[in-house]
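Notes for the structure review
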Amino acid sequence: MRPQSEEDLAGALAEATAPLRVRGGGTRDVGRPVVGDLLETGGLTGIELHEPGALTLVVRAGTPLSEVEAALDAHGQRLAFEPMDHRVLLGTGGAPTIGGVVAANVSGPRRIAVGACRDFLLGVRFVDGSGTIVKNGGRVMKNVTGYDLVKLMAGSWGCLGVLTEVSLKVLARPATEATLVATGKDAAAGVAALSAALTSPFDVTGAAHLAVEEGRSETRVRIEGMPGSVAYRIDALRAGPCAGWDVVRDDESAVLWTEVRDVAPLAARSGAVWRISVKPSDGPVLTAALAAQGIGEAALYDWGGGLVWLLVAEDGDAGAAAIRAQVAALGGHATLVRAAPATRAALPVFQPQSNGVAALDRAIRAKFDPRGILNPGLMD
């Protein structure tokens, strides 16, 4: 099923009598396997409005992300939240779509400075599980009525409705960038250095620590902006929390952050990969506690330590209980992003919810998808 218009999609959902697997570009196979008829959004393509002066973009949900980025780049602009390309880590095919980015709230290293995908979302159009077309929010920054519902759709994974159009705020691409790099720090020292850089007045837009090989590590801090400003801030950081660090500039710097964004250092290594969110200072605490139990083969700390990509041995559900227990004790949450099919089918992909949150979640789903036909079981 590949609707070519919003009206076709609404009709298909209204007439559906069986569960549906909603898919954009097919690159983010993250949730549990869903049994049902395939519903693709790839027929809903095209940029409907781009006003560079107003920093706004309106685009149909099935539009490839590459097409969106090319159109913005032609005007010196970008999606500032730096969406990840899951194909690198998951080994999937297809092409990421802008609707998939929004549905999964995909946000990269720059989130610490500018916010997540949902923070740039101005408006949405979608079709709910009963086939009703819903419009919420606006097309420009000054017209964002119903903002909470707009944010609700970001990260809903197609379980509340099928996106047909999204309106986004975009930002100008900076003139230059540079990355400060240090090697040899352990996780605690690396994250401490990142925290010092992030709490400085020098507008850091990337802060990551990579501990992906035995006995080797790399700590990275990114600065972006006008050349004079970048040079001043780099010098100031090297005189303070990043004393003695090396400097990598422009294209070489961009390559470093594409690696972090796509979790590339873990991509070629076998094993399951968890995406764990905790307080930045708790990132090294978590991995140290798990290492004491023999869990964890490599880790990439993004967002100053608050986002931990953890590689573990592919051994079914062994270790999963320990990971979830440690994460829960720290007030965080863990998502199983990559695993063998049997492991993915056996384990909850997302952090188990408290009874109150689970009840609220069920009530919201029942409101938007009363028949339970949209990606049933995906987020359970």
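What you see as residue numbers is a count from 1 along each chain, following the sequence as written. Thresholds applied to this predicted model are a pLDDT of at least 70 for local features of residues and 80 or more for the giving and counting of side-chain atom pairs; totals over whole chains, interfaces and linings are not thresholded and use all residues. Excluding hydrogens and water, the side-chain values take into account all heavy atoms of the structure.

With that settled, consider the overall build of the protein chain. Comment: elements are numbered from the N terminus, with helices defined as DSSP H or I runs of at least four residues and strands as E runs of at least two. Helices and strands together make up the secondary structure of the protein chain, namely 14 helices and 17 strands. Within these notes, the globule rule equals 2.2 Å times the number of residues to the 0.38 power, and the radius of gyration is based on C-alpha atoms. Against the compact-globule benchmark of 21 Å for 380 residues, the protein chain has a radius of gyration of 21 Å, which places it among compact chains. Taking the principal axes of its C-alpha atoms as reference, the protein chain extends roughly 65 × 50 × 35 Å. Residue burial in the protein chain is summarised as follows: out of 380 residues, 51% are buried. Each residue is placed in one exposure class: buried if its accessible area under a 1.4 Å probe, protein chains only, is under 20% of its type's maximum, exposed if it is over 50%, and partly exposed if it falls in between.

Pairs were defined over the aromatic rings of Phe, Tyr and Trp, the Trp ring being its six-membered one, requiring ring centres within 6.5 Å. Orientation was assigned from the angle between planes: stacked under 30 degrees, edge-to-face over 60, tilted for the rest. A full pass over the atoms with the stated rule returns 4 aromatic pairs. Each ring, one from phenylalanine 126 and one from phenylalanine 368, has its centre 6.2 Å from the other, and the planes form 40°; the classification is tilted. Taken together, the positions of phenylalanine 126 in strand S6 (residues 121-128) and phenylalanine 368 in helix H14 (residues 355-368) put the pair 242 residues apart, joining distant regions of the chain. For the residue pair phenylalanine 126 and phenylalanine 368, the accessibility class agrees, reading buried in each case. A centroid spacing of 6.3 Å and a plane angle of 75° characterise the contact between phenylalanine 202 and tyrosine 232, whose relative ring orientation is edge-to-face.

This part covers the pairing of strand S16 (residues 307-312). Extensive coverage of S16 is indicated by the burial of 6 of its 6 residues. Burial along S16 is two-sided: the residues Leu307, Trp309 and Leu311 and Val308, Leu310 and Val312 are all buried. Two strands form a pair only when DSSP identifies at least two bridges running between them. Note: strand S15 (residues 298-302) against S16, 5 bridges, orientation antiparallel. Within S16, the residue paired with aspartate 302 across the bridge is leucine 307. Two successive antiparallel strands, S15 and S16, enclose a turn made up of 4 residues, where tryptophan 303 displays a positive phi of approximately 50°.

Our focus in this paragraph is the nonpolar core. For this analysis, a nonpolar core means a set of buried residues of the types Ala, Val, Leu, Ile, Met, Phe, Trp, Tyr and Cys, connected via side-chain atoms within 4.5 Å. In terms of nonpolar packing, the biggest core is built from 58 residues, with Leu79, Leu89, Ile98, Leu163, Val166, Leu266 and Trp309 touching the most fellow members. The dominant element in this core, judged by the number of residues it contributes, is helix H4 (residues 98-103), at 4 residues. Leave out the neighbours within four places in its chain, and leucine 163 touches Leu44, Ala61, Gly99, Val102, Ala103, Val124, Arg125, Phe126 and Met153. We call two residues in contact when some of their heavy atoms are within 4.5 Å.

Two pairing modes exist for strands in a sheet, parallel and antiparallel, and in both the strands are linked by backbone hydrogen bonds. The strand order across the open sheet formed by 5 strands is S3-S4-S8-S6-S7, and the pairing between neighbours is antiparallel. Edge positions in the sheet fall to strand S3 (47-51) and strand S7 (133-137), since each of these pairs with one other strand and no more. Looking at each pair of strands side by side, their axes are set apart by 15° on average, direction ignored. Only the stretch in contact is used when a helix axis is fitted, and all axes are lines through C-alpha atoms; the angle between N-to-C directions ranges over 0 to 180 degrees. Each of strand S4 (56-60), S6, S7 and strand S8 (161-169) touches helix H1 (residues 6-15); the most contacted strand, S6, lies at about 45° to it.

This part takes up the pairing of S3. Sheet faces and side chains relate simply in a regular strand, where the side chains alternate between the two faces. Across 4 bridges, S3 lies against S4 in antiparallel orientation. Residue pairing in the sheet places isoleucine 47 in a bridge with valine 59 of S4. Hairpin connection between S3 and S4: a loop of 4 residues separates the two successive antiparallel strands, and leucine 55 in this loop has a positive phi of roughly 60°.

A few words on the packing of helix H11 (residues 283-291) against helix H12 (residues 320-329). For the pair H11 and H12, interaxial distance at closest approach is 10 Å and the crossing angle is 145°. Between H11 and H12 the crossing geometry is right-handed. Facing Leu286, Ala289 and Leu290 of H11, the residues of H12 in contact are Ala322, Ile323, Gln326 and Val327. Within the contact of H11 with H12, the residues separate by chemical class into 6 nonpolar, 1 polar and no charged. Handedness of a helix crossing follows the sense of rotation of the near helix relative to the far helix, less than a right angle counterclockwise being left-handed and clockwise being right-handed. Gly counts as polar in this scheme, as do all residues outside two lists: the nonpolar Ala, Val, Leu, Ile, Met, Phe, Trp, Tyr, Cys and Pro, and the charged Asp, Glu, Lys and Arg.

Okay, the environment of arginine 118 next. Among the structural elements, arginine 118 can be located in the loop between helix H5 (111-114) and S6. Looking at arginine 118, the relative accessible area reads 26%, which means it is partly exposed. For arginine 118 and alanine 154, which are 36 residues apart along the polypeptide, the C-alpha to C-alpha distance reads 5.5 Å.

Another aspect to go through is the pattern of salt bridges. We define a salt bridge as a contact between a side-chain nitrogen of Lys or Arg and a carboxyl oxygen of Asp or Glu at a distance within 4 Å. Scanning the entire structure with this criterion turns up 18 salt bridges. When the shortest N-O distance is used, the salt bridge between arginine 2 and glutamate 40 registers 3.5 Å. Taken as a pair, arginine 2 in the segment before H1 and glutamate 40 in strand S2 (residues 37-40) lie far apart in primary sequence, 38 residues in all. One salt bridge connects arginine 365 with aspartate 361, and the closest N-O pair in it is separated by 3.0 Å. Taken together, the residues span about one helical turn, with arginine 365 and aspartate 361 both in helix H14 at a distance of 4 residues.

The next subject is H11. Among all positions of H11, only Gly283, Pro284, Leu286, Thr287 and Leu290 are buried. Within H11, the buried residues cover an arc of 160° as seen down the axis, which keeps them to one side. Looking at the buried residues of H11, the elements they touch are helix H7 (187-198), strand S14 (272-277), S15, S16 and H12. This arc describes the spread of directions from the helix axis toward the C-beta atoms.

This part covers unusual backbone geometry. Positive phi, normally seen in glycine, also occurs at aspartate 203, with a value near 55°. With respect to the helices and strands, the residue aspartate 203 is situated in the loop between H7 and strand S11 (204-213). For aspartate 203, a relative accessible area of 48% gives the class partly exposed.

Without other data, these values stay purely geometric and don't point to any function.
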